[in-house]
Amino acid sequence: MSDAGDQKTKEQASIDDKFFPPDAIVERAYVQGLSGYKDLYERSLSDPDSFWSEQAETLTWHKKWSSPICKYNLNIENGPVNISWFDGAETNISWNAVDRNVEAGLGDRVAFYWEGNDEGVERTVTYAQLKSMVCRIANYLKSVGVKRGDDVTLYMSLVPELPAAMATCARIGAIHSVVFGGFSAEALADRILDSTPNVVITVSGTMRGPKPIPLKAIVDEALQISEGKGHTVHHVLMLEQLPLSDVGGSMKAGRDVTWREAVDSQPDDCPVEWMPAEAPLFKLYTSGSTGKPKGVLHTAGGYMVGAMVTTKFVFDVQPVSDVYWCTADCGWITGHTYVTYGPLLLGATQVIFEGVPTWPDAGRCWSIVDKYKVTIFYTAPTAIRALHARGDAFVTRYSRASLRLLGSVGEPINPEAWRWYYEVVGGGRCPIMDTWWQTETGSHMITPLPGATPLKPGCATLPFFGVEPAVLDEKGNELQGPCEGILVIKRPWPSMMRTVAGDHKRFEQTYFSAFKGYYFTGDGCRRDSDGYYWITGRVDDVLNVSGHRIGTAEVESALVSHPVCVEAAVVAVEHAIKGQSIYAFVTLMTGSEPSDALRKELIATVRKVIGPFAAPDVIHWAPGLPKTRSGKIMRRVLRKIAACEEDQLGDTSTLADPSVVQQLVELRGK
Ligand code: WT7
């Protein structure tokens, strides 16, 4: 601990504050005390073969791996980037997540307590029922010709059939691509055009809070768009929730079938395909600094091991006594790793929730915690801040006595939200696992361990086993000791992405070209005198709105798709609940006049092209944008204008026309 003087600043005080794990947590933990963590961490780096073999051997493999356990090149100067783990091995993640538990006699254990959007709507799915569901979906997929290596797109709400359909694809060696149900038809079509599936699995429609979401109608439109651009999907499987007659959408004869007619009657037994460890498992599209989302590709063996070990050590899941609840949707990586795969690989019982934390009121989460006696609760800072804003009474009216561990993911958690989560939600007895990781990393990278790591509010703390971070300056020099800079990772870990689907060059360009030999995370960070890592946010053109990752370029290209918008520049401004919100500067075609109606149209365009969650909060009319003489937009200047900090513009000597700044300041709020 750094020596804290009497006159330390408020910020310093919050940094030096440490929260030690309660004895009850330490006693049952897989890793005990900081020294327990350090020993295992050292071993994971000095002898990765033995460390990872030991972890992997807790799962079932059809064929063992050869040595070394990891082969790789991360330095583009030495040839193409490649990463392989468990070479020569064969396994199946669906067998490990589902059948293995049934074979171990745990068929009657609850896999999912499903809680619907509306109170009182619930289902329970045991491991045996899950296995039968997976096998029947698999037999349907096989009946329409899906085989190893084929892509299947899933566009669903969070019903048990969603993780089941993911595990189904894995069972037969197909590659799933889950598209979050908040994406628009156009965004879904883009993703379908990239992965060219022959089958799409969806839900008729569902309620999110008080709002109906017409999933099937969105699929219909997306398939029409994709057909217009040259790719035809021949089969759509639809789970009936809300009737189509209420929510919209239609059934196309010969293409669309309902769950009832196509799945329910299938035999409930289907063999697994044993897959090479490096076979693709799934694609998940995420935003980067260019307009086109990239298909992050994860492979079977390494991802499976990463998902299992992190769920086990970070949440200290004890399958018999724990009820685990991660609030993420399976449309994001958190739902892949910490809903579908991690907990099932451990045979855990979990809650999955289709609704939103504020419906019917802000007490919903705690009512669910009490109802199912949830012991581990994992959510995002944006949800914590939104619930904090509604006041403590919604929390304290429930007991929450079952909770013993809390988690946070998606963006840096501000110390105030951390403290409220710790004191009010967790009653001061539940350690918070602030887990830093990314779609690309597949599983937790920098995170506390419950029985080992003293916590600091707002800090992701220390690297997980096998993860070797470094902090670089802008020139790429490794910094030592306490420092601030760019976060990179020095060697591969098992659940690392292997490529951008269909574009290995883009993979190399995005993650391995800025700093040779390192994986570039896109995040900035600070390392303190305890060696703890504090994530400071993205250093590239990626926004984080309510934990949703959105590229500035994606929003800009959606805006300029409107006929009267000639140019747009998007920046983030701080937002009390969402973390960041989207602020767009828009230049109109000569002759077009700004108006409130046009502002609404522009926002509607973004909703249509990407999805409602990417809608800008502010449209700022911009007759001109601040550009360098070479034509590059100076976002730094725009950020200051958006934040009303134009008195802190810094050096603007490279601006081609400095007068645009004053012009923009005058138009703010107009
Ligand atoms: C970006 C990755 C990882 C699953 C959800 C988001 C930010 C994520 C934290 C955290 C600070 C965090 C980073 C990262 N982020 N978790 N605990 N503390 N920042 O996945 O959409 O791929 O976004 O989210 O900026 O790069 P994603």
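Note that the coordinates shown come from a computational prediction; the quantities given were computed from them, not determined experimentally.

**Comments concerning the environment of Met133**
Line of reasoning, step 1. Checked against the element boundaries, Met133 lands in helix α6 (residues 127-143).
Line of reasoning, step 2. For Met133, a relative accessible area of 9% puts it in the buried group.
Line of reasoning, step 3. As for Met133 and Cys330, which are separated by 197 residues in sequence, their C-alpha atoms are 17 Å apart.
Line of reasoning, step 4. With sequence-adjacent residues up to four places away left out, Met133 is seen in contact with Arg123, Val125, Pro160, Glu161 and Ala164.

**Regarding the environment of Gly426**
Line of reasoning, step 1. Looking at where Gly426 falls in the secondary structure, it is placed in the loop between α17 (415-425) and β20 (432-435).
Line of reasoning, step 2. For Gly426, a relative accessible area of 0% corresponds to the buried category.
Line of reasoning, step 3. Considering only alpha carbons, one finds Gly426 and Met589, 163 residues apart in sequence, at a separation of 54 Å.
Line of reasoning, step 4. Not counting residues within four places of it along the chain, the set of residues in contact with Gly426 comprises Leu406 and Tyr421.

**As for the UniProt feature "domain: AMP-binding enzyme C-terminal" (unreviewed entry) in the protein chain**
Line of reasoning, step 1. Mapped onto this numbering, the UniProt entry gives "domain: AMP-binding enzyme C-terminal" (unreviewed entry) at residues 554-632.
Line of reasoning, step 2. With 27% helix and 32% strand, residues 554-632 has end C-alpha atoms that lie 17 Å from one another.

**Re the state of the cysteines**
Line of reasoning, step 1. Evaluated as defined, the whole model comprises zero disulfides.
Line of reasoning, step 2. Here Cys169 stays unpaired: no disulfide links it, and the sulfur of Cys270, its closest cysteine neighbor, is 12 Å away.
Line of reasoning, step 3. Sulfur of Cys365: no disulfide; nearest cysteine sulfur belongs to Cys326 and is 12 Å away.

**So, the pattern of salt bridges**
Line of reasoning, step 1. Tallied over the full model, the rule gives 39 salt bridges.
Line of reasoning, step 2. Salt-bridge contacts for Asp540 lead to Arg538; the nearest nitrogen and oxygen are separated by 2.6 Å.
Line of reasoning, step 3. Arg538 sits in the partly exposed class, given a relative accessible area of 26%.
Line of reasoning, step 4. For Lys578, the salt bridge identified is with Asp617, shortest N-O distance 3.0 Å. Here Asp617 lies in the loop between α20 (596-609) and β30 (618-621) and Lys578 lies in the loop between β28 (565-575) and β29 (579-588), a separation of 39 residues in the sequence.
Line of reasoning, step 5. With a relative accessible area of 40%, Asp617 lands in the partly exposed category.
Line of reasoning, step 6. Among the ionic contacts, a cluster of salt bridges with common partners joins Lys18, Lys456, Asp528 and Asp530.

Parameters and conventions
- In this numbering scheme, every chain counts its residues from 1 along its sequence in written order.
- Predicted model: local features are reported for residues with pLDDT of at least 70 only, side-chain atom pairs are reported and counted for 80 or more only, and whole-chain, interface and lining totals are derived from all residues.
- Computation of side-chain values covers all heavy atoms of the structure but excludes hydrogens and water.
- Numbered from the N terminus, helices here are DSSP runs of H or I no shorter than four residues, and strands are runs of E no shorter than two.
- Per-residue accessibility, obtained with a 1.4 Å probe over protein chains only, is compared with the maximum for each type, and a residue is labelled buried under 20%, exposed over 50%, and partly exposed between these values.
- What makes two residues a contact is simply this: any of their non-hydrogen atoms within 4.5 Å.
- UniProt positions are given in the numbering used here, feature names are shortened, and annotations may be inferred rather than shown by experiment.
- The term disulfide is used for any two cysteine sulfur atoms that are within 2.5 Å.
- A pair is scored as a salt bridge if a Lys or Arg side-chain nitrogen falls within 4 Å of a carboxyl oxygen belonging to Asp or Glu.

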